[in-house]
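Chain residues, written in single-letter form:
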2 protein chains.
Amino acid sequence: MKFSRRVFFGSAASLAAFGRTAFAQATQSPRDPTKAPGTPPSTLGQRSPFEHPQRTPIGIVSRTPLQDLRGTITPADLHYERHHAGVPQIDPANYSLLIHGMVDRPTVFTLADLERLPSTSRICFLECSGNYQRRLTAAMTAQQIAGLTSQSEWTGVTLATLFREVGVRPQATWFLAEGGDAALMTRSIPVDKAHEDAMIVYAQNGEAIRPEQGYPARLLLPGWEGNTSVKWIRRIELSDRAFMTREETSKYTDPLANGTARMFSFVMDARSIITSPSYPGKLSRGSNEIIGIAWSGYERIRRVELSTDGGKTWSAANLQTPVLPKAHTRFHFQWDWDGREAVIMSRAIDETGYVQPTREQLFAARGDGSIPYHLNPITAWVVRPDGTVVCREEGL
Amino acid sequence: MKFSRRVFFGSAASLAAFGRTAFAQATQSPRDPTKAPGTPPSTLGQRSPFEHPQRTPIGIVSRTPLQDLRGTITPADLHYERHHAGVPQIDPANYSLLIHGMVDRPTVFTLADLERLPSTSRICFLECSGNYQRRLTAAMTAQQIAGLTSQSEWTGVTLATLFREVGVRPQATWFLAEGGDAALMTRSIPVDKAHEDAMIVYAQNGEAIRPEQGYPARLLLPGWEGNTSVKWIRRIELSDRAFMTREETSKYTDPLANGTARMFSFVMDARSIITSPSYPGKLSRGSNEIIGIAWSGYERIRRVELSTDGGKTWSAANLQTPVLPKAHTRFHFQWDWDGREAVIMSRAIDETGYVQPTREQLFAARGDGSIPYHLNPITAWVVRPDGTVVCREEGL
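Residues numbered from 1 in each chain as written. Chains lettered and ligands numbered in written order. Predicted model: local features only at pLDDT ≥ 70, side-chain atom pairs only at ≥ 80, totals over all residues.

Q: Got a minute to help me understand the relation of the copies chain A and chain B in this structure?
A: With an RMSD of 0.0 Å, the fit of chain A onto chain B corresponds to turning through 180° and sliding 0.0 Å along the axis. The superposition operator between the copies reduces to a two-fold rotation axis. Within chain A, the C-alpha atom positioned nearest to the axis of rotation is that of Pro75(A), 3.8 Å from it. An overlap of 99% is found between the interface residues of chain A and their copies at the interface of chain B, pointing to a shared contact surface. (Least-squares fit on C-alpha atoms with pLDDT ≥ 70 in both. Contact = placed C-beta atoms within 7 Å.)

And the structure:
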């Protein structure tokens with residue numbers, strides 16, 4: 001009866017109350033779980049009703065909840081999203097990849113063709129080149145600040161193998177990668193990247209790629225800005241020059257402070273962020289673990305440094321091994337908090353010696369009017385005396 | 001109208017027809033996905049409607065679909081299940097772990113307490129000691145034959161850290177691990193394992209452990225039979241002797257051919273299985289990739305060998321790097337199939353030099369009346385001239 005009246009009145013408040021009731025029912029645990037048999041085995045597992053990690057769809061992107069994650073693998077359903085015309089639904093039976101242009105044997109590969117070729121797997125991150133917020137306010141999460149990066153184990157065939165199959169000609173120096181979505185997303189990629197580590201991947205974290213990650217197959221360019229790892233890839237054209245597509249002329253070009261701009265700024269620079277403690281977390285006095293992730297498009301993370309005094313002094317964090325190239329690396333730092341206000345921050349240093357910059361250093365090079373691509377500043381969190389943690393307010 | 005009549009008649013056949021209609025609607029892809037905008041970003045991703053990986057719940061277990069997987073990570077919702085009294089639903093706010101017995105400071109840890117301690121992550125397999133089928137018939141999948149093993153990236157605190165916190169006394173040589181499920185699952189574990197690599201883990205593949213894997217926390221004993229990695233762990237008691245619990249006297253003891261039995265046979269021996277091609281797959285003539293997984297509870301897989309002639313000759317497969325200790329290792333082997341009937345099989349060799357046995361070798365040591373624990377025979381697949389692949393029939 002109560003239920004019917006609530007639905008009948010139908011106000012926002014009563015619906016919210018109903019939502020809470022449904023949640024309470026779903027999460028009603030027996031007082032003593034050892035006294036009642038549990039649920040039997042199932043075909044597909046579900047999360048605990050006490051856990052609610054979610055992406056945040058806003059406009060054209062949806063961010064990974066970094067503050068909820070541990071380790072380095074991003075569950076496939078929480079991998080960040082960015083697409084240029086929505087997620088197409090592609091029947092794998094109709095999927096094909098054409099490789100043509102400056103090649104000896106133009107070839108159409110079905111998905112089955114790709115799967116018959118030698119496969120390889122690698123764990124690496126992807127990051128949107130626009131993984132940035134211009135203005136930081138106190139109530140911002142790691143997800144909002146840097147949630148356009150995620151990590152998976154990807155499996156597929158190397159582009160080098162495919163290029164041998166089709167006989168790429170020596171004069172070919174660039175290739176066009178074209179997606180099968182409604183944006184017909186296109187980017188020009190140097191052939192050298194194909195010989196280095198590019199792949200066409202059809203599996204993610206053990207299973208078929210998820211639709212929003214390019215099902216049934218995508219290009220994977222480890223360490224490079226996410227948009228170049230063209231999803232739903234349907235065509236690769238070899239050429240002796242860049243194609244100068246819309247996505248690399250009107251967009252994905254970075255103005256610099258000196259008035260010029262850089263194009264084809266493919267590699268994502270080293271970055272890190274503390275994921276715990278972070279907003280909206282709360283800290284207790286005494287020994288606490290600070291954890292976060294660091295990554296670089298240039299091979300491995302060499303070192304992560306932590307500051308608990310707003311950047312005056314820095315100490316090395318522990319890195320979780322194995323430290324893989326072009327991969328999220330989990331760092332750990334044990335910190336004894338004395339209960340006084342503190343500003344904590346992390347900075348990544350990669351194998352090239354590059355040090356993750358502050359906002360000030362970044363804008364000295366890039367200029368104030370910068371398009372928000374390839375911006376990787378240090379993030380600072382303020383731990384207040386009551387233990388609440390907020391983002392340090394910053395912005396232009 | 002048609003829909004109503006079908007539901008009204010309600011026969012099995014018409015319901016099946018309705019199921020197919022619903023599937024066809026769900027998987028109706030536009031003829032040209034480049035001509036229609038796709039779906040917008042979302043909070044949680046879904047699998048493509050063309051993909052249906054599932055565990056197979058049968059009685060007390062549910063197996064991982066090995067034949068559908070690539071790489072080495074098992075998606076959390078496909079991790080195999082084996083529990084002794086169902087999956088309890090535990091409110092993490094009510095969770096605690098008591099460590100007592102031969103310790104200086106008996107301590108109750110809440111989940112928050114565990115999370116404040118130094119954390120670490122590792123990728124390793126789990127395998128049920130009963131990962132075995134007595135009789136193999138043609139229409140059996142890799143899932144049915146060996147699907148009681150899965151792999152995750154686990155995160156938590158080492159048991160060595162917890163043992164230092166509570167001050168384990170020098171005379172303590174064993175500990176009891178007790179689960180918080182209705183089975184009150186208990187096992188005795190040597191303290192040495194705690195110092196080697198045991199962990200209390202609360203995260204799996206980046207997120208909170210799934211309920212059927214021990215939410216909110218479980219013991220993890222890398223390389224050891226699955227039941228010892230006690231789930232929903234609520235109590236650890238230190239002692240100077242084994243506890244001789246029901247699960248290690250009436251069960252989890254292995255009769256041997258010589259009439260004796262072995263107890264505390266913790267470590268899972270090296271094993272491998274070809275996952276593709278496998279039943280119900282189909283092969284085409286020409287170059288094909290044979291892939292599978294190999295694993296050992298004793299450190300790393302050193303080598304995997306492939307035979308395509310029923311075990312007469314063997315060749316080394318390629319191992320996917322990094323090869324991690326106590327972890328599923330993906331192997332690859334390129335095979336040119338000439339269209340004649342062939343029997344393909346794989347065998348794993350680990351760092352100790354141990355070679356995965358045939359069924360005959362295994363039963364020479366273990367006897368015919370063997371309880372199906374710790375049995376790791378080579379699996380053979382028959383490729384028929386029409387390209388269909390079936391399991392080679394075997395059994396006592």
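Next, the rest of the story.
Q: What is the right way to read the sheet that holds strand S19 (residues 301-307) of chain B from this model?
A: Two modes of strand pairing occur in sheets, parallel and antiparallel, and in both the strands are linked by backbone hydrogen bonds. Residues and elements named next belong to chain B. Strand order in the open sheet formed by five strands is S20-S19-S23-S24-S25, with antiparallel pairing between adjacent strands. The outermost strands of the open sheet, each flanked by one partner alone, are strand S20 (315-316) and strand S25 (389-391). When S19 meets strand S23 (residues 342-350), the two strands line up antiparallel, connected through six bridges. Looking across to S23, one finds that Val304 is bridged to Ala348. (Pairing = 2+ DSSP bridges. Helix = DSSP H or I, 4+ residues; strand = E, 2+ residues; numbered from the N terminus.)

Q: Looking at this model, I keep getting lost on the interface of chain A and chain B. Mind explaining?
A: Accessible area lost on assembly of the parts is the figure often given for the size of an interface. Each partner contributes to the interface: chain A provides 76 residues, whereas chain B provides 75 residues. For the side of chain A that touches chain B, the secondary structure elements donating two or more residues are strand S2 (61-63), strand S6 (120-127), strand S8 (149-158), strand S12 (207-208), strand S18 (286-295) and strand S22 (329-337) of chain A. By residue number, the principal contributor to the side of chain A that touches chain B is S18(A), which donates four residues.

Q: Just checking my understanding: could you explain the domain arrangement of chain A for this structure?
A: Residues and elements named next belong to chain A. Looking at chain A, the domain boundaries give domain 1 (56-252) and domain 2 (271-395). The centre of domain 1, based on its C-alpha atoms, is set 27 Å off from the matching centre of domain 2. The interface of domain 1 with domain 2 comprises 28 residues on the first partner and 25 residues on the second. Only S6, strand S7 (135-136), helix H4 (142-146) and S8 provide two or more residues apiece to the side of domain 1 that touches domain 2. The class makeup of the residues in the side of domain 1 that touches domain 2 is 16 nonpolar, 10 polar and two charged. (Domains from an automatic or database assignment. Nonpolar A, V, L, I, M, F, W, Y, C, P; charged D, E, K, R; others polar.)

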